[in-house]
Amino acid sequence: MPPDIEHGALQSRRFLWLYALASAGGSVAYVPFLTILLPMRVSAMAGSGDVAWLAYATFFGAIAASLSNIAFGWASDWTGRRVPWIVAGLLSSCLLLGSFGRTATVAEIIVLLVAWQIALNMMLAPLAAWAGDHVPDTQKGRLGGLLAFAPATGAAAGVLVTLPDLASADTRLWLVAALVTLCVSPVLLVGCPRRIEGIARQEEHESLGSRPRKAVARMWLARLLVQISEAALFAFLFFWFRAIDPAMTDAEVAQIFGLILLGAVPLALTAGRWADRHDRPFAPLVLCAAIAALGLLIMAAAASLQAALAGYVLFGLAASIFLSLHSAQTLRVLPRPQHRGRDLGLFNLTNTGPSLVMPWLTIALVPAFGFTGLFMVLAAFALAATILLLRMPRTL
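Fair warning: this is a prediction, and the values are worked out from it, not measured in the lab. (Residues numbered from 1 in each chain as written. Predicted model: local features only at pLDDT ≥ 70, side-chain atom pairs only at ≥ 80, totals over all residues. Heavy atoms only, no water.)

Participant: Explain the overall build of the protein here, please?
Facilitator: Along the backbone of the protein there are 13 helices and 0 strands. N-terminal to C-terminal, the α/β element order of the protein is α-α-α-α-α-α-α-α-α-α-α-α-α. For the protein, whose C-alpha radius of gyration is 20 Å, the value lies close to the compact-globule estimate of 21 Å for 396 residues. Each principal axis of the C-alpha atoms in the protein carries an extent, and together these give about 60 × 40 × 30 Å. Accessible surface computed for the protein: about 15,900 Å², of which carbon and sulfur atoms make up 67%. The positive charge centre, built from 27 side chains, and the negative charge centre, built from 20, are 6 Å apart in the protein. (Helix = DSSP H or I, 4+ residues; strand = E, 2+ residues; numbered from the N terminus. Rg over C-alpha atoms; globule rule 2.2 N^0.38 Å. Areas by Shrake-Rupley, 256 points an atom, 1.4 Å probe, with all protein chains shown as cover. Lys, Arg positive; Asp, Glu negative; His and termini not counted. Charge placed at Lys NZ, Arg CZ, Asp CG, Glu CD.)

The following block contains the structure:
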C-alpha cells in the first residue's frame, strides 16, 4: 500500500453498493441485447445464415468497443473527470439501443452496433476507472464480490424482457434502456464517494517498479484466456442449447443463464471477503479458473441436456466469480494510477478481444468437430489461465 494512504481508510458502503448497481447497469445494457435480442433479430433477418452474420456483427462490434474503451478511458484521465463522460455515454447509448427497432437489414444492424458500442464504452470506461479512484486495496475483494451482481442483474434483465406477452421486440429495446438508466443514475446523483488521500493520484509513490510487469502480464493473459471461453458461450449459448434440445426457447435459455449468475453472487461475496481478510487476492482466481476448465470438459462430453446443464452450471459459476473478482484485483496491479482509465482500456481488450477471436474459432471448429471440439479447446485455455495465476506473487 502506498505510504500516503491513511492506514485503515475505507470507502463508504453506500458508494460501494451504488457503484455495484451502476456496474450492473452496464451489464443490463449489453447482456440481454447481445445474448438474446441481437441473435433473435439477426436470425429473423438472415435465416439459415444467422450464425455467420452474428459472427460478423460481433467481430465489428468488438473492434469498436476495444478502441473506444481505450479512447474514453484516456479522455477521462486527461480531463480529470469521470462523471460527465459517464452521463454522456449513458444517454447516447440508450438512444442508440432503442434505434435498433428501426433497422431493416443485417448490414444496418452492424453499422448501428458499431455506433452503440462506441457510446456504451463512453460510459463503461470512465465508470471502471472511477472505482480505482476511490476504493483502496483493502476493499478490492469486497468490491469484486459486489461486481458479481452485474452479470446476474444483466441476466435477470434478459429474463424480464423476454417474458411472454410483456413487450414487443422493439419495445424490449427501450425497456432495456430504461433499466440501464435506473441502475446507473443513483451513484451519479447520490453516490458521494469519500476522498481517500493517496488513491486518486499516487504518482510519486506508484511506479511501474512497484507493480511487476510479469504480474500485470499474467493477470492480463489469464483473463483473456477465461474470457475467450466465456465469450464463446455468451454469443452462442442459445444455438448450443438448441442443438442439444430443439425445444429450448429464448426465455428458457435466459432463465438458465440468470439462475447461474444469481447463484454466483453469494459465492463471489464470500470469496472476495476471504481474500481481503487473509490478504490472498489471487487464490480464489486460481481455484475458479481450474473449476471452469473442469466444467468445459464436462460440456464437451455431454450427450444429454442434463449433462450439458451440469457442465454449464459448473463453468458458469466459476467463470462468473473469476471475472468479477478479477475486475477488482486488476485495479491492484495497474502500474500508473494517473493513467488508470487508459490502462483499464488496455485491460478491457481481454473483454472485447475474445469477440475478435471467438467467431473465427467457432467457425473453424464447430462445422468440423461440433461444439465438443470447441469446448475442448476452451478447457485448455482455462487450464492455461490456472497455471499462469498459480505463479502470481501472494500479494502486490
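Having seen the model, we can carry on.
Participant: Whenever I open this one, the packing of aromatic side chains confuses me. Can you help?
Facilitator: Between two aromatic rings, the relevant description is the distance of the centres plus the angle of the planes. By the definition in use, this model includes 9 aromatic pairs. Taking 5.8 Å as the distance between ring centres and 50° as the angle between the ring planes, the aromatic pair formed by Phe72 and Trp85 counts as tilted. Separated by 13 residues along the polypeptide, Phe72 in helix α2 (residues 50-79) and Trp85 in helix α3 (residues 83-99) bring together distant segments of the chain. Residue classification places Phe72 among the buried positions, given a relative accessible area of 14%. For Trp85, a relative accessible area of 24% puts it in the partly exposed group. Between Phe100 and Trp116, the aromatic rings sit 6.5 Å apart at their centres with planes inclined by 85°, giving edge-to-face as the arrangement. Of this pair, Phe100 sits in the loop between α3 and α4 (106-134) while Trp116 sits in helix α4, and the two are 16 residues apart along the sequence. Here a set of aromatic residues connected by ring pairs shows up, and it is made of Phe15, Tyr19 and Trp130. (Phe/Tyr/Trp six-rings, centres within 6.5 Å; stacked < 30°, edge-to-face > 60°. Buried < 20%, exposed > 50% of the residue type's maximum accessible area, 1.4 Å probe, protein only.)

Participant: I would appreciate a short explanation of the packing of α4 against helix α12 (residues 340-347) in the present structure.
Facilitator: Helix-helix packing: each pair is described by the crossing angle between the helix axes and the interaxial distance. At a minimum axis distance of 9 Å, the contact between α4 and α12 shows a crossing angle of 125°. Of the possible angle classes, the one that applies to α4 and α12 is oblique. As α4 runs across α12, the sense of the crossing is right-handed. On α12, the residues that touch Ala128, Ala129, Gly132 and Asp133 of α4 are Arg340, Gly341 and Leu344. Along the lines of polarity and charge, the residues of the contact of α4 with α12 split into 3 nonpolar, 2 polar and 2 charged. (Axes fitted to C-alpha atoms, helices over the stretch in contact; angles between N-to-C directions. Parallel < 35°, antiparallel > 145°, perpendicular 65-115°, else oblique. Left-handed = near helix turned anticlockwise from the far one by under 90°. Contact = heavy atoms within 4.5 Å. Nonpolar A, V, L, I, M, F, W, Y, C, P; charged D, E, K, R; others polar.)

Participant: Teacher, can you tell me more about helix α6 (residues 149-161) here?
Facilitator: Residue pairs three or four apart in sequence face the same way in an α-helix, which turns once every 3.6 residues. Taking 1.5 Å per residue as the helical rise, α6 with its 13 residues ought to reach 18 Å, and the 18 Å between its terminal C-alpha atoms agrees with that figure. When α6 is considered as a whole, its buried residues turn out to be Ala150, Ala152, Gly154, Ala155, Ala157, Gly158 and Val161. (Expected span 1.5 Å × (residues − 1).)

Participant: Looking at this structure, I do not really get the confidence of the model for the protein. What am I missing?
Facilitator: Atom-level detail of predicted coordinates should not be read off regions where pLDDT is low. Chain-level pLDDT for the protein is 84 on average; 90% of the residues reach the 70-or-more range. With pLDDT under 50 throughout, residues 201-210 is counted as low confidence; its partners more than four residues away or in other chains account for 22 contacts. (pLDDT = per-residue confidence, 0-100.)

Participant: Where do I start with the state of the cysteines in this structure?
Facilitator: When the sulfur atoms of two cysteines share a covalent bond, that bond is a disulfide. Following the criterion strictly, the structure yields 0 disulfides and no others. The cysteine Cys94 is free of any disulfide, with Cys183 supplying the nearest cysteine sulfur at 10 Å. The exposure class assigned to Cys94 is buried, which follows from its relative accessible area of 10%. (Disulfide = S-S within 2.5 Å.)

Participant: So what exactly am I meant to see when it comes to a nonpolar patch on the surface here?
Facilitator: A cluster of nonpolar side chains, Trp53, Tyr56, Phe60, Ile63, Leu67, Trp360 and Ile363, forms an exposed patch at the surface whose accessible area comes to about 640 Å². Among the elements of the structure, α2 and α13 (349-390) are those that each provide at least two residues to the nonpolar patch. Broken down by element, the residue count for the nonpolar patch peaks at 5 residues, all from α2. Secondary-structure assignment places Leu67 in helix α2. Taking relative accessible area as the criterion, Leu67 reaches 59% and is therefore assigned exposed. (Patch = residues over 30% accessible without salt bridge, like charges linked within 9 Å, V, L, I, M, F, W, Y side chains within 5 Å. Salt bridge = Lys/Arg side-chain N within 4 Å of Asp/Glu carboxyl O.)

Participant: Explain the side chain of Ser76 to me, please; I cannot follow it from the model alone.
Facilitator: Within the fold, Ser76 resides in helix α2. When its relative accessible area of 1% is taken as the criterion, Ser76 is described as buried. A distance of 2.7 Å separates the side chain of Ser76 from the side chain of Arg82, its partner in a polar contact. If we ignore the near neighbours within four places in the chain, the residues touching Ser76 are Arg81, Arg82, Trp85 and Pro126. (Polar contact = N/O pair within 3.5 Å; in protein donor to acceptor, adjacent residues only side chain to side chain.)

Participant: How should I be thinking about the nonpolar core in this particular structure?
Facilitator: Grouped burial of nonpolar side chains is what soluble globular proteins tend to show. In this structure, Phe33, Tyr312 and Phe375 are the most contacted members of the largest nonpolar core, which totals 117 residues. The dominant element in this core, judged by the number of residues it contributes, is helix α8 (residues 213-244), at 17 residues. If sequence neighbours within four positions are ignored, Phe375 has contacts with Leu233, Trp240, Leu296, Met299 and Ala300. (Core = buried A, V, L, I, M, F, W, Y, C linked by side-chain atoms within 4.5 Å.)

Participant: Hey, could you run me through the pattern of salt bridges in this one?
Facilitator: Oppositely charged side chains can form a pair if their charged atoms are brought close together. Applying the stated criterion across every chain yields a total of 6 salt bridges. Residues Asp170 and Arg41 are paired through a salt bridge, measuring 3.0 Å at the closest nitrogen-oxygen approach. Here Asp170 is found in helix α7 (residues 169-190), whereas its partner Arg41 is found in helix α1 (residues 13-46), with 129 residues between them in sequence. Among the residues examined, Asp170 registers a relative accessible area of 35% and is labelled partly exposed. The salt bridge involving Lys140 is made with Asp137; its shortest N-O contact spans 2.8 Å. The class of Lys140 is buried, set by a relative accessible area of 3%. We classify Asp137 as buried; its relative accessible area is 15%. A cluster of three or more residues bridged by salt bridges with shared partners is formed by Asp77, Arg82, Asp133 and Arg340.

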